[in-house]
Amino acid sequence: MSEPPPPVSGRRITLCVTGSIAAYKAAALLRLLRKAGASVEVVLSRAALEFVGPATFQGLNGKPPLSDLFDRAHGGELHVELARNSDALVIAPASADCLSRLAAGRADDLIAAIALSAHCPVLVAPAMHPNMWSHPATQRNVSTLTADGVRFAGPVDGEVASGERGLGRMAEPEQIALAISGLFSGGALSGQRLVITAGPTLEALDPVRSLTNRSSGKLGFALAERARSRGAEVTLIAGPVALPTPPGVRRVDVESALSLKQALWEALGADLSRADALIMAAAVADYRPRAASESKLKRSGPLTLELEPNPDLLAEVGARRTGARPVLVGFALETDSDERLIASAREKLTKKRVDLVVANHAAESIGRDDIRLTLVGPDTAAPFGPAPKAQAAERLLDWLSERLAE
Ligand code: CTP
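Residues numbered from 1 in each chain as written. Predicted model: local features only at pLDDT ≥ 70, side-chain atom pairs only at ≥ 80, totals over all residues. Heavy atoms only, no water.

J.: Looking at this structure, I do not really get empty space enclosed by the protein. What am I missing?
T.: One way to see where empty space is left: roll a probe the size of a water molecule over the atoms. This model, assessed by the stated rule, comprises 1 cavity of 30 Å³ or more. Here the largest cavity is characterised by a volume of approximately 30 Å³. Looking at the largest cavity, the residues that line it are R151, A179, G182, L183, R226, S229, R230 and E394. Counting only elements with at least two residues in the lining of the largest cavity, the list comes to α9 (173–184) and α10 (218–229). By residue number, the principal contributor to the lining of the largest cavity is α9, which donates 3 residues. (1 Å grid on protein atoms, 1.4 Å probe; cavity = no way out; pocket = protein on both sides within 12 Å on 5 of 7 lines; lining within 4 Å. Points joined across faces, edges and corners; volume = space filled by probe spheres on them. Helix = DSSP H or I, 4+ residues; strand = E, 2+ residues; numbered from the N terminus.)

Take a look at the structure:
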């Protein structure tokens, strides 16, 4: 059987580039889209032209980029035509100024006017100095745009043009291309209410010490970001991790398994009516110290810790559920062989009464950017990867959107 065509093949994509040093990466994105079979119109803002030249884009795309709202070479209304003839509008990089103009509904340059006329999905890949990204004005604009249905890819944490580090760096072209194909993959989650838990829990021994685990939260955060970008309303319940909140996602920070339990039931509602799906990616500690000391424990010879089991949160939700909603997804992390891993995932599936268990090996997931996993259902075991966690998140959300459509 031949592979299905990649979702961007044959799609008409308008790629808008605004004023940021990351504009040079838009050329790589253009190449990826062309290679995947998309037909692309490139629009460069006036500020983008300060950073990159039209010749690069013309060379890669076989036709000159556009930039003028009043382009004499085109009769009619260029912005309306471009919007009408686009299957997706992608703005990469999107500067702080661009986000502000889109949020305000401006139409005084070609890119803003196309965005205002577009009925197709709009995806933006912000790029700016971390101070500009975290400024309340930008965050207000991001909220407005997410409420308007604009999808976000990034920004990511890393080094920015000034050499400083922080959240504001544009997502890599491969990641943006992935987000673009997500727009067409049919895996829409519009209006679906997702609760996602992520990261480790931390069980206090005393005011300064705790028991925890090595979960990085990266997969759970990638799931939240990709689900939001597919149009879901996402509540992300996060254990103690220093990852940035994906745009448009409601985040609740927790520490212990018991505080996670409380946040979880608040998000789901006692009758589970507030969510369409729960993805339990958090690595919940199975045990907590029987009593946390109120003052710092002093060193005095051997110390025996007494632990008591935490409730199994997912199993409690599974036991409470009576119908098909919310769809429940659990995780199984083991250090055993593949065979043993699948068998134990299936045991968890039955014991916790969930719909899917994502099985993975500790060595192939913890602290890594890549992951290899198997989606284990009652009668199926679909392997995936190794692949970047964002791609694994897309795979899991494809499964979820199919299940929610049933
Ligand atoms: N989980 C949970 N509450 C707990 C422990 C785990 O909700 N107290 C959830 C995790 O979020 C994950 C799945 O259950 O989705 C993982 O279960 P795991 O800890 O591997 O399984 P256990 O039931 O603890 O089985 P075992 O101890 O045999 O590995």
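J.: Looking at this structure, I do not really get the pairing of strand β11 (residues 233–238). What am I missing?
T.: For a regular strand, the rule is simple: side chains alternate between the two faces of the sheet. For β11, the buried fraction is high: 5 of the 6 residues fall into the buried class. Of the strand pairs in this sheet, β11 and strand β12 (residues 250–253) are connected by 4 bridges, and their pairing is parallel. Bridge assignment links A238 to a residue of β12, and that residue is D253. (Buried < 20%, exposed > 50% of the residue type's maximum accessible area, 1.4 Å probe, protein only. Pairing = 2+ DSSP bridges.)

J.: Explanation requested: the site of the ligand in the structure shown.
T.: Taken together, 13 residues sit near the ligand, with M280, A282, L314, F331 and K352 positioned nearest. In the model, an oxygen atom of the ligand is placed 2.7 Å from a nitrogen or oxygen of the A282 main chain. D286 has a polar side-chain atom sitting 3.2 Å from an oxygen atom of the ligand. Notes on the ligand: free accessible area 570 Å², of which the protein chains cover 77%. (Near = heavy atom within 4 Å. Polar contact = N/O pair within 3.5 Å; in protein donor to acceptor, adjacent residues only side chain to side chain. Areas by Shrake-Rupley, 256 points an atom, 1.4 Å probe, with all protein chains shown as cover.)

J.: Looking at this model, I keep getting lost on the nonpolar core. Mind explaining?
T.: Within soluble globular proteins, side chains that are nonpolar generally end up buried alongside one another. The biggest cluster of nonpolar side chains holds 36 residues, and the ones touching the most others in it are L194, L223, I279, F331, L396 and L400. Top element by residues in this core is helix α14 (residues 389–405). It accounts for 7 residues. Other than its neighbours up to four places away in sequence, L400 contacts L194, A277, I279 and V327. Ranked by size, the runner-up nonpolar core spans 33 residues in total, among them L15, L30, V42 and A177. (Core = buried A, V, L, I, M, F, W, Y, C linked by side-chain atoms within 4.5 Å. Contact = heavy atoms within 4.5 Å.)

J.: Quick question: what am I supposed to make of the packing of helix α5 (residues 96–104) against helix α8 (residues 136–147) here?
T.: Geometrically, a packed helix pair is captured by the angle between its two axes and the distance between the axes. Remark: α5 packs on α8, axes separated minimally by 9 Å, with the N-to-C direction vectors making an angle of 50°. Relative to α8, α5 is oriented oblique. Helix-helix and strand crossings are classified by hand; for α5 and α8 the assignment is left-handed. Residues A96, L99, S100, L102 and A103 of α5 pack against T138, N141, V142, T144 and L145 of α8. Residue classes in the contact of α5 with α8 are distributed as 6 nonpolar, 4 polar and no charged. (Axes fitted to C-alpha atoms, helices over the stretch in contact; angles between N-to-C directions. Parallel < 35°, antiparallel > 145°, perpendicular 65-115°, else oblique. Left-handed = near helix turned anticlockwise from the far one by under 90°. Nonpolar A, V, L, I, M, F, W, Y, C, P; charged D, E, K, R; others polar.)

J.: How should the sheet that holds strand β13 (residues 277–280) be read in this particular structure?
T.: The pairing of strands in a sheet comes from backbone hydrogen bonds and takes either a parallel or an antiparallel form. Spatially, β12-β11-β8-β13-β16-β17-β18-β19 is the arrangement adopted by the 8 strands of the open sheet, whose pairing is mixed. What marks the edges here is a single partner per strand, and that holds for β12 and β19 (381–388). Sheet twist, expressed as the average angle between the axes of neighbouring strands with direction ignored, equals 20°. Across the sheet, α10 lies against β8 (193–198), β11, β12, β13, β16 (327–334) and β18 (370–376), angled at about 165° from β11, the strand it touches most.

J.: Before we go on, may I ask you to explain the environment of G166 in this structure?
T.: Position of G166 relative to the elements: it lies in strand β7 (residues 165–169). In this structure, the C-alpha to C-alpha distance between G166 and S190, residues 24 residues apart in sequence, is 30 Å. Contact partners of G166, with chain neighbours within four places excluded, come to P130, V156, D157 and G158.

J.: Would you take a moment to explain the domain arrangement of the protein chain for this structure?
T.: A common way to report how large an interface is uses the accessible area buried once the components associate. Taken domain by domain, the protein chain consists of domain 1 (12–185) and domain 2 (188–295 + 302–405). With centres defined by C-alpha atoms, the gap from domain 1 to domain 2 works out at 33 Å. At the interface, 12 residues of domain 1 touch 13 residues of domain 2. Note on domain 1 versus domain 2: buried area summed over both sides is about 1000 Å², and carbon and sulfur give 57% of it. The largest share of the area that domain 1 buries against domain 2 comes from T146, R151 and L178, three residues that together contribute 42% of it. In this structure, the connection of domain 1 to domain 2 is made through 0 salt bridges. Among the elements of the structure, α8, β5 (151–152) and α9 are those that each provide at least two residues to the side of domain 1 that touches domain 2. (Domains from an automatic or database assignment. Buried area = accessible area lost by both parts, 1.4 Å probe. Salt bridge = Lys/Arg side-chain N within 4 Å of Asp/Glu carboxyl O.)

J.: What is the right way to look at the packing of α10 against α14 in this model?
T.: At a minimum axis distance of 8 Å, the contact between α10 and α14 shows a crossing angle of 60°. Classified by the angle their axes make, α10 and α14 are oblique. In terms of crossing hand, the pair formed by α10 and α14 is right-handed. Residues K218, L219, A222, L223, R226 and A227 of α10 lie in contact with α14, whose contacting residues are K389, A390, A392, A393, E394, L396 and L397. Looking at the contact of α10 with α14 residue by residue, the class counts come to 9 nonpolar, no polar and 4 charged.

J.: Would you mind showing me how to read the pattern of salt bridges here?
T.: Where side chains of opposite charge bring their charged atoms close, a pairing between them can arise. A full pass over the atoms with the stated rule returns 28 salt bridges. A salt bridge links K261 to E316; the nearest nitrogen and oxygen atoms lie 3.1 Å apart. You can see K261 sitting in helix α11 (residues 257–268) and its partner E316 sitting in helix α12 (residues 313–320), a full 55 residues away along the chain. Residue classification places E316 among the partly exposed positions, given a relative accessible area of 27%. Among the ionic pairs, K348 bridges to E334, the shortest N-O distance being 3.5 Å. Of this pair, K348 sits in helix α13 (residues 338–351) while E334 sits in strand β16, placing them 14 residues apart in sequence. Residues joined in a network through salt bridges with shared partners are D97, R101, R106, D108 and D109.

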